[in-house]
Amino acid sequence: MSGSNDLAIRLRRAAFNRALAEADLAAIGPILAPNVVLVAGTDSGVIAGRKAQLQAWKREFSAQSRIVYVRTPDTIITSSVEPIALEHGKWRGTLSASGEVLVSGDYSAKWRKVGEDWIIEAEIFVTLA
């Protein structure tokens, strides 16, 4: 079962990355828990709630020099007692126009299985380069 959960989370992460690349707010929403929390990598700013995060992405998508963020999971650890999982990986932000990497680092994400779907409850990013 944990192998299928690992794959399901990796597929959801790929869908999230695709939605970010395509500036698709409608695709991002269902992947986020209503009370999702994001802690930004550089200033540790907290974005609390799905609505607030979608507003933040809307601003990002309209920026003149848009940065496209990609998260790449290294490990996913699934709980044996709760429908939750922890994802660790690397992230990077590249300029959409040139592909130049502007920022990168590590992240962790907490996922919860609700029905048949895995949704993100929390993410914390650390800018390392």
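Everything that follows concerns the structure shown earlier in this document.
Notes on the structure follow. Quick caveat, the model's predicted, so the values are computed rather than measured.

Some words on unusual backbone geometry
You will see that A23, though not glycine, has its phi angle at about 55°, which is positive. Its location among the elements puts A23 in the loop between α1 (2-21) and α2 (25-28). Among the residues examined, A23 registers a relative accessible area of 34% and is labelled partly exposed. If you check the backbone angles, S44 has positive phi at about 60° while not being a glycine. Mapped onto the elements of the fold, S44 is located in the loop between β1 (32-39) and β2 (46-48).

Focus: the packing of aromatic side chains
Considering all chains together, one arrives at 5 aromatic pairs under this definition. Residues W57 and F61 carry aromatic rings whose centres are separated by 6.0 Å and whose planes lie at 25° to one another, so their mutual orientation is stacked. Here W57 pairs with F61, and both are found in helix α3 (residues 50-62), just 4 residues apart, close to one helical turn. Each member of the pair, W57 together with F61, is buried. Taking the centre distance of 6.0 Å and the plane angle of 90° together, the rings of W91 and F125 count as edge-to-face. In this pair, W91 sits in strand β4 (residues 84-95) while F125 sits in strand β6 (residues 117-127), placing the two residues 34 residues apart along the sequence.

What counts, and where the lines are drawn
Residues numbered from 1 in each chain as written. Predicted model: local features only at pLDDT ≥ 70, side-chain atom pairs only at ≥ 80, totals over all residues. Heavy atoms only, no water. Helix = DSSP H or I, 4+ residues; strand = E, 2+ residues; numbered from the N terminus. Buried < 20%, exposed > 50% of the residue type's maximum accessible area, 1.4 Å probe, protein only. Phe/Tyr/Trp six-rings, centres within 6.5 Å; stacked < 30°, edge-to-face > 60°.

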